[in-house]
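Here's the letter readout for the chains.
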Amino acid sequence: MKHLKNVVTLKLDEEKCIGCGLCSTVCPHEVFSIVDKKAYIIDLDACMECGACAGNCPIGALSVDSGVGCASGIINGLLNGSGECCCDKGGTCA
Amino acid sequence: MTDCCCKKPCAPKREPWMTGDVETPVGKVPTIGTRLTLRDELGALKVRFAIGRNNYTIEPGLYAIGEPTPESPVFVSANYKLSFDHLRCALGGTDGWVLVLDTKGINVWCAAGKGTFGTAEIVNRVQQTKIDQIVSHRKLIVPQLGAPGVSAPEVAKQSGFGVLYGPVRAEDLPKFLAAEFKATPEMRRVRFTLRDRIAVIPVELVIWFKQALGLAIALALLSGISRNGYSLANAPHAFVLVFTAWLTGGAVVPLLLPWIPARAFSLKGLWVGLMLWIVLGSANLLGASPLTELGWGLILVSVVSFMALNFTGTSTYTSMSGVKKEMKIAIPIQLIAAISGTVLIIIGGLR
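Presented here is an overview of the structure given in this document. Bear in mind the structure is a predicted one, so any value in this text is a computation, not a measurement. (Residues numbered from 1 in each chain as written. Chains lettered and ligands numbered in written order. Predicted model: local features only at pLDDT ≥ 70, side-chain atom pairs only at ≥ 80, totals over all residues. Heavy atoms only, no water.)

## Section: the interface of chain B and chain A
Here is the rule we go by: Two residues qualify as a contact provided that any one of their heavy atoms is within 4.5 Å of a heavy atom in the partner residue. For any pair of parts, buried area is found by adding up, for both, the accessible area (1.4 Å probe) each one loses once the two are put together. Within this document, salt bridges are pairs made up of a side-chain nitrogen of Lys or Arg and a carboxyl oxygen of Asp or Glu, the two lying within 4 Å of each other. Under this definition, polar contacts are N or O atom pairs within 3.5 Å; protein pairs additionally need one hydrogen-donor-capable and one acceptor-capable atom, and for neighbouring residues in sequence, both atoms have to be side-chain atoms. Only DSSP runs of H or I covering at least 4 residues are called helices, and only runs of E covering at least 2 are called strands; the numbering of each starts at the N terminus. Think of it as three bins: nonpolar holds Ala, Val, Leu, Ile, Met, Phe, Trp, Tyr, Cys and Pro, charged holds Asp, Glu, Lys and Arg, and polar takes everything else, Gly as well.
Listed by partner, the interface residues are 49 residues for chain B and 45 residues for chain A. Carbon and sulfur atoms make up 60% of the area that chain B and chain A hide from each other, which totals about 4,300 Å². Of all residues in chain B, R263, Y317 and M320 of chain B bury the most surface against chain A, accounting for 18% of the area lost on that side. At the boundary of chain B with chain A, the tally comes to one salt bridge. Note that E30 of chain A and R189 of chain B form a salt bridge whose closest N and O atoms lie 2.7 Å from each other. Linking chain B with chain A are 18 residue pairs in polar contact (both at pLDDT 80 or more), by the criterion used here. No other element matches helix α12 (residues 320-350) of chain B, which puts nine residues into the side of chain B that touches chain A. Its residues placed into classes, the side of chain B that touches chain A shows 27 nonpolar, 13 polar and nine charged.

See the structure below:
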């Protein structure tokens, strides 16, 4: 299952990458592949912008405009600035 | 719960799932059972129906599982009892320590998205529980879905404990431990199986019940206007239609999600809403006049499409950029459809 194409904000600076592989470890959707001590984005459209890779990258080679991919969260954010997501009220997401 | 009014240190509150204590250099740590009781199962069932879901919490802190030694692994978890129960259930037969973070009763993944399951709380909880005096190693097993809130390099720097990301699902922990802390790609992957989707349907329906009821009442009242005066004869019809749309958006869409054409959730909802329109329309269930029929059709489609769009928050694979993009297009159309539908129902009644 995949959402919209060509919208994801994930960016990898392959020059900087030291190939530690942590991005590929934390990614829940197999967006990365590590080949010869370098990370590559192999499935950009599968990215859900959770931010796990960017937050764990030890040298800041990754950037992503992360946030909850949740319509109610975005609506609530616009209405009252809280950005509360449906799952914040207790967690339907697994 | 430690009572702040106590003069002397109070013992943590005894919970039914605690089985005893283990002695450690920094005091007693409660042991927890690894078998779920009927009470735990009923508790899980209740939150699956969104009953008391905001208060299904346990006390943050350190717990022991089995007969842990200083060499035993440390598992980090959230203080949402459903998450905690999954973990202790999966760890049956294992000796270890469970470090429960204060995530305000929210599950690991959602709390990580907000940062409450995160670097700062891990560092804080490590210091508070003095776990460095209990274990001889310096490793924490953090669930992979906690990673959006955690920076492994930062945790190491600030607490002295290295982070090992465990599998996505607690049930894979025994295999992860047996493989010497290695997770297979399969264990690292989040899915959204039919079973997962069925499990979230009750919560979807409960969450939307109030809105559906409000809409049903409003439309029931509006559909009573006619040339010959006001009557509530059509009210039950309005209720049945709105709640059919509610059931379709909250149950049929999640159930059939991967098989409905289109990637955008609002479009998936549109297709299912149109199907509903066709089915009810061809059975002559949408009203007496063509205007009323058209009005109800538009209402059905907008409700189902809007609920489907909101299911992005429950789904496990949509990005913020993607959801924003589809919202910008879908919400204005859904609004126009719903308003035109309502106007048509009123005009249909007046003719």
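Moving on from the coordinates now.
## Here we look at the packing of helix α3 (residues 71-80) of chain A against α12 of chain B
In helix packing, the relevant descriptors are the interaxial angle and the interaxial distance, both defined with respect to the helix axes. Rules: To obtain an axis, a line is fitted to C-alpha atoms, over the contacting stretch when the element is a helix, and the angle between two such axes runs from 0 to 180 degrees between their N-to-C directions. For classification purposes, angles smaller than 35 degrees are called roughly parallel, those larger than 145 roughly antiparallel, those between 65 and 115 roughly perpendicular, and all remaining angles oblique.
Running from amino to carboxyl end, α3 of chain A crosses α12 of chain B at an angle of 70°, the nearest separation of the two axes being 10 Å. The orientation of α3 of chain A with respect to α12 of chain B, classified from their angle, is roughly perpendicular. Counting all contacts with α3 of chain A, which are made through A71, I74 and I75 of chain A, the residues of α12 of chain B involved are M320, V323, K324, M327 and I331 of chain B. Of the residues belonging to the contact of α3 of chain A with α12 of chain B, the class tally is seven nonpolar, no polar and one charged.

## Focus: the environment of S63 of chain A
All names here are of chain A. For clarity, the threshold we go by: Relative accessibility thresholds used throughout: buried, under 20% of the residue-type maximum; exposed, over 50%; partly exposed, between the two (1.4 Å probe, protein chains only).
Relative to the helices and strands, S63 resides in strand β4 (residues 62-63). According to the relative accessible area criterion, S63 is partly exposed, its value standing at 38%. A C-alpha to C-alpha distance of 17 Å links S63 and E30, two positions 33 residues apart in sequence. Those residues within four positions of S63 in sequence are excluded, and the remaining contacts are T9, L10, K11 and A54.

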